[in-house]
Amino acid sequence: MIEDVFARHLRSGAEPPEGLIASGRPDRRFAVYRNNVVHSLTTALATRFPATQRLLGIECFQACAQLFVESYKPISPVMMFYGDDFPAYLTTLPSLTNWPFLADVARIEVARTRAYHTIDRAPLRLKVGDADEIETYLNRVFNPHPAASVFHSPYPAGTIWAASGTAEALPPEAWRDETIAVTRAAYEVQVSLVPRGTAICIDAIGKGVVLGEAIAIACHADEEYDPALILATLLRCNLLVDPQQESDHESS
Amino acid sequence: MQESRPPLGAGVSFKPDHYEDLSSGQVELSFIEVHAENYMGSGGRPIAMLDRLRQHYSLSLHGVGLSIGGEAPPDPQHLQRVKAICERFQPCSFSEHLAWSTHEGAYLNDLLPLPYTAQTLGRVCDHIDLIQTTLKREILLENPATYITFSESTWTEVDFIHQIAQRTGCGLLLDLNNVHVSAGNHSFLAQDYLVHFPLQKVREIHLAGHAIEQFEDEKLLIDTHDRTVSEEVWDLFETVIATVGPIATLIEWDQDIPQFSTLLADAQRANARLTHYAGTMVAP
């Protein structure tokens, strides 16, 4: 089939396939399609990974993106989610071995896109003065907010991500690990540095563990962590939703 | 089956950069159009923006991912996404391209050409039947801009499209920039193409800008959607609406997005010509 041949030649960079007619030079005409495919896919990656591109520089980013595009074609026409594998791919490039933090910066950008397009859900709120009710809340099951991603980086990836958007990006003052929460408030995506236990806590909540126990698991994993601080982080960063309110939302 | 027919008058392709210009509904436009695939998230600001704009303008959805011209049927999962977004936004029209973009499960993110043969005609019609049955609505099929043709083609593009419309009952989206680009690249007269094109099936016209690459031995026209509509394409527009009367007309601009006023100027120019041929047209 001509389509198989066409696609194969698009990928291989070979001469145009037999059977094409062009008023001008077939190689030049076929190159338009090849360029369109590569350019549109690398542009999609540049749109999704602006901080990664700023850190690498346009030329270097384009080179990395082109290598990725050759191996990982989108499996869906919904291009805003193309590149979920790009952060992991960056770790395989020998030329980036001196940039071990870069993949985690890219992971933040993956999470940001996901959060931006995810379903609208009101985050869990506790009113000030609800101290008597906290015990009740601690015994309840909640869900991670659908926009929330929390992960740990052995590098100051969150600080580097934030600095990449400033005019004069400077290296982080403290080169230390960070736990990063990507969430959404209304339509605004937020990136926050959070206590390390938050990631463990959210993981437990996602498995159906009641809130108080999830916080205890997080604190047990690292005795430095303060249960009140983790609870405050969960609320401040919009990391939880109330399953009861979710079902109300779906039935409304 | 629900009809696809944008309202008469001029519209623009909507880009988020122009949300502030359009959100109040003060700009007079007949409709806005978006690429359906850009609004296939499950929530967030993009969806909220479209919901707001729908309060003021008819919404047309333009798909780029069903790969109607492909060997394989449209991806069932993607077809369900299209169905969901049509049900969600109830657009005045859903349109797609006579092209293929998916091969062996990989999406290539470009509109690639197909030979025009009895075999490809049959499969394109099958794919459109499947889409229209699934969506329970008529779709509009857009003519492509091409840079090469195939020696195995046994149909002209116009006859091929005419056959598709007759067999499937789909409507047509006539992209006049595509006609001009293909005519320039394949050395035929765009006016001849239009003489034979089934204009009575056209529910929407697209106007857009293109780039010209001049080489020593040839001139290559590239369908870029990154600039204002060329005078040659305006001439084709005049020919069509002088022949069949006003048709809903969209100004497409997908790259190097300009100030909204620049886009609007092309829409107003289109609308002025539509109004001229309509006698008394409604807004804009």
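Residues numbered from 1 in each chain as written. Chains lettered and ligands numbered in written order. Predicted model: local features only at pLDDT ≥ 70, side-chain atom pairs only at ≥ 80, totals over all residues.

### Section: the overall build of chain A
To keep it simple, the criterion reads: Strands here mean DSSP runs of E at least two residues long; helices mean DSSP runs of H or I at least four residues long; both are numbered from the N terminus. Radius of gyration means the value over C-alpha atoms here, while the globule rule gives 2.2 Å times the residue count to the 0.38 power. Exposure is read from a count of other C-beta atoms within 10 Å of each residue's own; the residue is exposed at 12 or fewer, buried at 20 or more and partly exposed in between. C-beta atoms are placed from the backbone. Note on contacts: residues are paired as contacts if their backbone-placed C-beta atoms lie within 7 Å.
Each helix and strand counted, chain A has 12 helices and six strands in total. Taking 18 Å as the expected radius of gyration for a compact globule of 252 residues, we find that chain A reaches 23 Å, considerably beyond that expectation. Across its three principal directions, the C-alpha atoms of chain A cover 80 × 50 × 30 Å. Residue burial in chain A is summarised as follows: out of 252 residues, 39% are buried. A separation threshold of at least 6 residues defines the contact pool for chain A, and within that pool the share at least 24 residues apart is 63%.

### Focus on the overall build of chain B
When helices and strands are tallied, chain B shows nine helices and 13 strands. Whereas a compact globule of 284 residues would reach a radius of gyration of roughly 19 Å, chain B reaches 18 Å, a difference of no more than 12%. Once the C-alpha set of chain B is aligned to its principal axes, its extents read approximately 50 × 40 × 35 Å. Going through the 284 residues of chain B one by one, you find that 50% of them count as buried.

### Concerning helix α4 (residues 118-135) of chain B
Think of an α-helix as turning once every 3.6 residues; residues three or four places apart then point the same way. Residues and elements named next belong to chain B. For clarity, the threshold we go by: A helix is expected to span 1.5 Å for every residue after the first. The directions considered for the arc are those from the helix axis to the C-beta atoms.
Over its 18 residues, α4 runs 26 Å from end to end, which matches the ideal 26 Å to within 8%, given 1.5 Å per residue. Residues of α4 that are buried include every one of Thr 120, Leu 121, Val 124, His 127, Ile 128 and Ile 131, and no others. Projected down its long axis, α4 carries its buried residues within an arc of 130 degrees, all on one side. In this structure, α4 carries Ala 118, Gly 122 and Thr 133 as exposed residues pointing more than 90 degrees from its buried face. Looking at the buried positions of α4, the neighbouring elements they touch are α3 (76-89), β7 (140-142) and α5 (157-168). Downstream of α4 by a residue or two, Lys 136 has a phi angle that is positive, lying close to 55 degrees.

### Things to note about the domain arrangement of chain A
Operational definition: Domain extents, as shown, originate in an automatic or database domain assignment.
In terms of domain boundaries, chain A breaks down into domain 1 (1-99) and domain 2 (122-252). Distance between the C-alpha centres of domain 1 of chain A and domain 2 of chain A: 36 Å.

### A closer look at helix α2 (residues 26-48) of chain A
Its 23 residues place the ends of α2(A) 33 Å apart at the C-alpha level, agreeing with the 33 Å of an ideal helix rising 1.5 Å per residue. Those residues of α2(A) that sit buried are Arg29(A), Phe30(A), Val32(A), Tyr33(A), Asn36(A), Val37(A), Val38(A), Leu41(A), Leu45(A) and Arg48(A).

### Digging into the interface of chain A and chain B
Quick note on the threshold: Each residue receives one of three labels: charged for Asp, Glu, Lys and Arg, nonpolar for Ala, Val, Leu, Ile, Met, Phe, Trp, Tyr, Cys and Pro, and polar for the others, Gly being one of them.
The partner chain B presents 39 residues to the 37 residues of chain A that form the contact. Counting only elements with at least two residues in the side of chain A that touches chain B, the list comes to α1 (2-12), β1 (20-21), α2 and α6 (102-117) of chain A. For the side of chain A that touches chain B, the per-class residue count stands at 23 nonpolar, eight polar and six charged.

### Examining the environment of Ser153(A)
All names here are of chain A. As for its placement among the helices and strands, Ser 153 is situated in strand β3 (residues 149-153). The spacing of Ser 153 and Asp 104 is 49 residues in sequence and 6.5 Å in space, taken between C-alpha atoms. Aside from chain neighbours lying at most four places away, what touches Ser 153 is Asp 104, Asp 177, Glu 178 and Ile 180.

### Let's talk about the sheet that holds strand β4 (residues 178-185) of chain A
Residue and element names in this part refer to chain A. Test applied: Should DSSP find at least two bridges between two strands, the strands are regarded as paired. To define axes, lines are fitted to C-alpha atoms, for helices over the stretch in contact only, and angles between the resulting N-to-C directions are given on a 0 to 180 degree scale.
Pairing in this open sheet of three strands is antiparallel, and the strands run β3-β4-β5 from one edge to the other. The strands lining the two open edges of the sheet, one partner per strand, are β3 and β5 (188-194). Strand-to-strand twist across the sheet, computed as the mean angle between neighbouring axes with direction ignored, equals 20 degrees. When β3 meets β4, the two strands line up antiparallel, connected through five bridges. The residue of β4 that forms the bridge with His 152 is Thr 179. Sheet strands in contact with α6 are β3, β4 and β5, and its direction is about 20 degrees off that of β4. The sheet contacts of helix α9 (residues 197-206) involve β3, β4 and β5, and relative to β3 the element is tilted by about 140 degrees.

### Here we look at the nonpolar core
Note the following rule: We define the nonpolar core as any set of buried residues of the types Ala, Val, Leu, Ile, Met, Phe, Trp, Tyr and Cys, connected via C-beta atoms lying within 7 Å of each other.
One finds Val105(A), Cys201(A), Leu141(B) and Ile251(B) to be the most contacted residues of the largest nonpolar core, which totals 139 residues. Here the element with the most residues in this core is α6(A); it accounts for eight residues. Both domains that meet at this core, namely domain 1 (1-99) and domain 2 (122-252) of chain A, each give it at least three residues. When neighbours within four sequence positions are excluded, Leu141(B) is seen to be in contact with Glu96(B), Leu98(B), Ile128(B), Ile161(B), Ile164(B), Cys170(B), Leu172(B) and Leu173(B).

### Re the environment of Leu53(B)
Residues and elements named next belong to chain B. Along the polypeptide, Leu 53 turns up in helix α2 (residues 45-54). Along the primary structure Leu 53 and Leu 22 are separated by 31 residues, whereas in three dimensions their C-alpha atoms are 7.1 Å apart. Excluding residues that lie within four positions of it along the chain, Leu 53 makes contacts with Phe 14, Leu 22, Ser 23 and Ile 32.

### Describing the environment of Leu207(B)
All names here are of chain B. Tracing the backbone shows Leu 207 in strand β10 (residues 202-207). Overall, Leu 207 belongs to the buried group, with 26 C-beta atoms counted inside 10 Å. Along the backbone, Leu 207 and Ile 251 are 44 residues apart, and their C-alpha atoms lie at a distance of 5.0 Å. Aside from chain neighbours lying at most four places away, what touches Leu 207 is Leu 176, Asn 177, Val 229, Val 233, Phe 237, Thr 249, Ile 251, Glu 252, Asp 266 and Ala 270.

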